[in-house]
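# Residue-level structure breakdown
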Amino acid sequence: MTFTRIAAVALLSAAAAVGPTRAQSGLPETASGATVEAAYDDVRFDLESAIVNRGLVIDYVSQIGEMLARTGADVGSDATVFTKAESMLFCSARLSRAAMEAAPGNIAFCPYAVFLYETPDQPGKVTVGYRRLDETGSDASKKALANVNALLAEIVAEATGE
């Protein structure tokens, strides 16, 4: 078995360990994640800890749920999409450098983002996930981006207890 096939099998196994399928979690095809039954603030703390405990710095937290609630009337909508929803943006100097040394265009993938949300129709169920990076380019680029996807999968798995 070639290194590339071994890495692909390992990555698929890691992604499978994250939890429910996309259809079960309601995520788009390009995202992976899991839904857990827990208090939103507890899951948020676990997600933040999973990032920070790896020596990574959260550069920005996007308050998506608050933004939608605040702007609904401005765009003619009274729908409540989320009770709470956030996205956390961060980078890994080591993984980002490897990805961009392999292909400078991989800057498009930085910073990395993980998200969590709770909807009004499913209180107490929090979905945590990430948008998978498209592993493209040279073998070095594919490997570097696979490593980023593996990191994101590990963070989500830790935050959800999977």
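Here the residue numbers are simple positions, counted from 1 along each chain's written sequence. Under the rules for a predicted model, residues below a pLDDT of 70 receive no local features and side-chain atom pairs below 80 are neither given nor counted, while totals for whole chains, interfaces and linings still include all residues. Side-chain figures throughout are based on the complete set of non-hydrogen atoms in the structure, without hydrogens or water.

## Examining helix H3 (residues 40-52)
- Secondary structure elements follow DSSP: runs of H or I no shorter than four residues count as helices, runs of E no shorter than two count as strands, and numbering proceeds from the N terminus. A helix's residues, less one, multiplied by 1.5 Å, set its expected span. Here H3 spans 18 Å end to end across 13 residues, near enough to the 18 Å set by a 1.5 Å rise per residue.
- Looking at H3, one finds that the buried residues are Tyr40, Val43, Arg44, Leu47, Ser49, Ala50 and Ile51.
- Turning to H3, the residues buried within the fold contact strand E1 (31-37), strand E2 (57-62), strand E3 (84-91), strand E4 (112-118), strand E5 (125-131) and helix H6 (139-160). Categorising residues by exposure relies on relative accessible area from a 1.4 Å probe, with only protein chains included: less than 20% of the type maximum marks a residue as buried, more than 50% marks it as exposed, and the intermediate range marks it as partly exposed. In what follows, a contact means two residues having at least one pair of non-hydrogen atoms within 4.5 Å.

## Focus on the nonpolar core
- Grouping buried Ala, Val, Leu, Ile, Met, Phe, Trp, Tyr and Cys residues that are joined through side-chain atoms within 4.5 Å yields what is termed a nonpolar core. By size, the foremost hydrophobic cluster in this structure holds 27 residues, and its most contacted members are Leu47, Phe90, Val114, Leu116 and Ile155.
- Those elements that place two or more of their residues in this core are H3, E3, helix H5 (93-102), E4, E5 and H6.
- For this core, the element with the most residues is H6, which contributes nine residues.
- In this view, Val114 contacts Leu47, Ile51, Glu86, Ser87, Met88, Phe90, Gly129, Tyr130, Leu152, Ile155 and Val156; residues no more than four positions away in its chain are not counted.
- Counting residues in hydrophobic clusters, the runner-up holds five residues, among them Leu27, Ala31, Ala85 and Phe115.

## A word on unusual backbone geometry
- Cis geometry marks the peptide bond from Cys110 to Pro111, where omega comes out at 5°.
- Checked against the element boundaries, Pro111 lands in the loop between H5 and E4.

## Let's talk about the confidence of the model for the chain
- Values of pLDDT, ranging from 0 to 100, describe the predictor's confidence in every residue of the model. Mean pLDDT over the chain stands at 88; residues scoring 70 or higher make up 85%.
- Contacts of residues 1-24 to residues separated by more than four positions or lying in other chains number 27 contacts, the stretch itself having pLDDT below 50.

## Looking at a nonpolar patch on the surface
- Like-charged residues are merged into a patch within 9 Å and nonpolar side chains (Val, Leu, Ile, Met, Phe, Trp, Tyr) within 5 Å, provided each residue has over 30% relative accessible area and no salt bridge. What sets the accessible areas is the Shrake-Rupley method with a 1.4 Å probe; for residues, cover comes only from the shown protein chains. In what follows, salt bridge is the name for a side-chain nitrogen of Lys or Arg lying within 4 Å of a carboxyl oxygen of Asp or Glu. A cluster of nonpolar side chains, contributed by Met67, Leu68 and Val81, occupies part of the molecular surface with about 220 Å² of accessible area.
- Given the relative accessible area of 43%, Val81 is considered partly exposed.

## Considering the sheet that holds E2
- Only strands that DSSP links by at least two bridges are regarded as paired with each other. With antiparallel pairing, five strands are arranged side by side in an open sheet as E1-E5-E4-E3-E2. Where the open sheet ends on each side, the last strands, each with one partner, are E1 and E2. Sheet twist, expressed as the average angle between the axes of neighbouring strands with direction ignored, equals 20°. Axis lines are fitted to C-alpha atoms, over the contacting stretch for helices. Their N-to-C directions set the angle, which ranges from 0 to 180 degrees.

## Notes on the environment of Ile64
- Turning to its location among the elements, Ile64 is positioned in helix H4 (residues 64-71).
- In this structure Ile64 comes out as partly exposed when scored by relative accessible area, which is 30%.
- Taking the C-alpha atoms as reference points, Ile64 and Glu86, separated by 22 residues in sequence, lie 5.3 Å from one another.
- Ignoring anything within four residues of it in the chain, the contact list for Ile64 reads Phe82, Ala85, Glu86 and Ser87.

## Side note on the packing of H5 against H6
- Two elements in contact, H5 and H6, have axes whose closest approach is 8 Å; the angle formed by their N-to-C orientations is 155°. Regarding the angle of H5 to H6, the classification is roughly antiparallel. Of the two elements, H5 crosses H6, and the hand of that crossing is left-handed. For the pair H5 and H6, the contacting residues are Leu95, Ala98, Ala99 and Ala102 in the first and Ala140, Ser141, Ala144, Leu145, Asn147, Val148 and Leu151 in the second.
- Gly falls in the polar group here, along with every residue not listed as nonpolar (Ala, Val, Leu, Ile, Met, Phe, Trp, Tyr, Cys, Pro) or charged (Asp, Glu, Lys, Arg). A breakdown of the residues in the contact of H5 with H6 according to their chemical character gives nine nonpolar, two polar and no charged. An angle below 35 degrees is read as roughly parallel, one above 145 as roughly antiparallel, one from 65 to 115 as roughly perpendicular, and any other as oblique. Handedness of each helix crossing follows the sense of rotation of the near helix against the far helix: counterclockwise by less than a right angle gives left-handed, clockwise gives right-handed.

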